[in-house]
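# Coordinates in review
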Amino acid sequence: MNSFKFWLKKNWTTIIFGGLVIILFVSPDSKAWLMRQMISTGLFNSKIEEKKPGNVGAVSENLSLKSENGEIINTSQLKGKVVFINFWASWCPPCRAEFPSVQKLYENYSGNKDLVFLTINLDEQLEKGKMYLEKEEFTVPFLIPNGNIPKDFFCGSLPTTVVLDKSGKIRMHHTGMADYSKESFYKEINQLLKE
């Protein structure tokens with residue numbers, strides 16, 4: 001018994017650190033919190049580009065979505081508006097990490113009719129995505145794909161964010177988490193709204 005107490009005294013920091021690591025592996029919310037801290041450093045910021053190799057700058061294909069009430073939304077019908085598209089899932093820690101910044105962006109531009117938000121849930125069980133939004137009190141639109149998703153928009157990595165300009169061209173395609181609540185990103189969105 002004395003040797004166990006001695007071992008505990010000697011290794012208490014290792015035990016606490018090990019416990020924290022286990023919590024990070026088990027809890028999506030803990031992972032999201034850690035990733036949110038990483039996002040806040042600015043290392044994961046995305047940028048709207050004028051022209052870039054790949055599909056950025058290309059006119060996008062049509063993406064068809066369905067809202068909770070069954071309304072069909074097609075990106076081809078949104079020309080004349082800037083479109084912010086975010087693919088996410090409730091089980092995805094990087095999605096959870098960036099979602100507060102997506103919500104903040106949505107709140108800041110909710111009155112602007114020239115900016116459309118398409119937040120697309122890719123959970124296999126849609127109820128889990130809805131429950132996540134309710135639990136966190138997020139008010140972004142809950143949309144699901146209405147058919148196949150064109151590869152220009154999504155290649156399988158979550159989260160993925162795409163921004164279309166008013167002509168329907170892809171101006172940003174960012175795979176991975178980012179902070180969309182930064183002033184620099186707001187300036188880029190404002191510039192697109194003026195074009």
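Just above sits the structure.
Described below are features of the structure shown in this document.

Analysis parameters
- Residues numbered from 1 in each chain as written.
- Predicted model: local features only at pLDDT ≥ 70, side-chain atom pairs only at ≥ 80, totals over all residues.
- Heavy atoms only, no water.
- Helix = DSSP H or I, 4+ residues; strand = E, 2+ residues; numbered from the N terminus.
- Buried < 20%, exposed > 50% of the residue type's maximum accessible area, 1.4 Å probe, protein only.
- Contact = heavy atoms within 4.5 Å.
- Areas by Shrake-Rupley, 256 points an atom, 1.4 Å probe, with all protein chains shown as cover.
- Expected span 1.5 Å × (residues − 1).
- Bend = angle between axes of the 7 residues up to and from the residue.
- Core = buried A, V, L, I, M, F, W, Y, C linked by side-chain atoms within 4.5 Å.
- Pairing = 2+ DSSP bridges.
- Right-handed = clockwise from strand over helix to strand, strands pointing away.
- Salt bridge = Lys/Arg side-chain N within 4 Å of Asp/Glu carboxyl O.
- Phe/Tyr/Trp six-rings, centres within 6.5 Å; stacked < 30°, edge-to-face > 60°.

### Some remarks on the overall build of the protein
Helices and strands together make up the secondary structure of the protein, namely five helices and seven strands. The proportion of buried residues among the 195 residues of the protein is 43%. Considering only contacts in the protein between residues 6 or more positions apart, those separated by 24 or more positions represent 72%. Of the accessible surface of the protein, which amounts to about 11000 Å², a share of 56% is contributed by carbon and sulfur atoms.

### A closer look at helix H3 (residues 93–109)
Helix length check: H3 (17 residues) gives 25 Å between terminal C-alpha atoms against 24 Å at 1.5 Å per residue, within 8%. Remark: the principal bend of H3, roughly 35 degrees, maps to phenylalanine 99, with a proline, proline 100, within the next four residues. Every buried residue of H3 is listed here: Pro93, Pro94, Cys95, Arg96, Ala97, Glu98, Phe99, Ser101, Val102, Gln103, Leu105 and Tyr109.

### Some thoughts on the nonpolar core
One finds Ile85 and Leu118 to be the most contacted residues of the largest nonpolar core, which totals 44 residues. The set of elements that each furnish at least two residues to this core consists of strand E3 (82–88), H3, strand E4 (115–121), helix H4 (126–136), strand E5 (143–145), strand E6 (160–164), strand E7 (170–175) and helix H5 (183–194). The dominant element in this core, judged by the number of residues it contributes, is E3, at six residues. Aside from chain neighbours lying at most four places away, what touches isoleucine 85 is Leu63, Thr75, Leu118, Ile120, Phe153, Thr160, Thr161, Val162 and Leu164.

### Things to note about the pairing of E6
The side chains of a regular strand alternate between the sheet's two faces. In terms of burial, E6 is a largely internal element, five of the five residues being buried. By the bridge criterion, five bridges tie E3 to E6 in an arrangement that is antiparallel. Counterpart to isoleucine 85 in the pairing with E6 is valine 162. As judged from the five bridges shared by E6 and E7, these two strands associate in the antiparallel manner. If you follow threonine 160 over to E7, its bridge partner there is threonine 175.

### Observations regarding the pairing of E3
Of all seven residues in E3, seven are buried; the element is thus mostly enclosed. As judged from the seven bridges shared by E3 and E4, these two strands associate in the parallel manner. When the sheet's bridge partners are listed, phenylalanine 84 is paired in E4 with phenylalanine 117. The parallel pair E3 and E4 is bridged by H3, and the resulting crossover is right-handed.

### Section: the pattern of salt bridges
Between side chains of opposite charge, a pair can form as their charged atoms come close. Scanning the model with the defined rule gives six salt bridges in all. With a closest N to O distance of 3.7 Å, glutamate 127 and lysine 130 form a salt bridge. Note that glutamate 127 and lysine 130 are positioned in helix H4 at a spacing of three residues, about one turn of the helix. Residue lysine 182 is joined to aspartate 179 by a salt bridge in which the shortest nitrogen-to-oxygen separation is 3.8 Å. In this structure, a network of salt bridges that share partners links the residues Glu68, Glu127 and Lys130.

### Here we look at the packing of aromatic side chains
Across all of its chains, the model carries 13 aromatic pairs by this definition. With a centroid separation of 6.0 Å and an interplanar angle of 45 degrees, the aromatic rings of tryptophan 88 and tyrosine 132 are classed as tilted. On the criterion of sequence distance, the pair formed by tryptophan 88 in strand E3 and tyrosine 132 in helix H4 is long-range, its members being 44 residues apart. Residue classification places tyrosine 132 among the buried residues on the basis of a relative accessible area of 6%. Of the aromatic side chains, those joined through ring pairs into one cluster are Phe84, Tyr106, Phe117, Tyr180 and Phe185.

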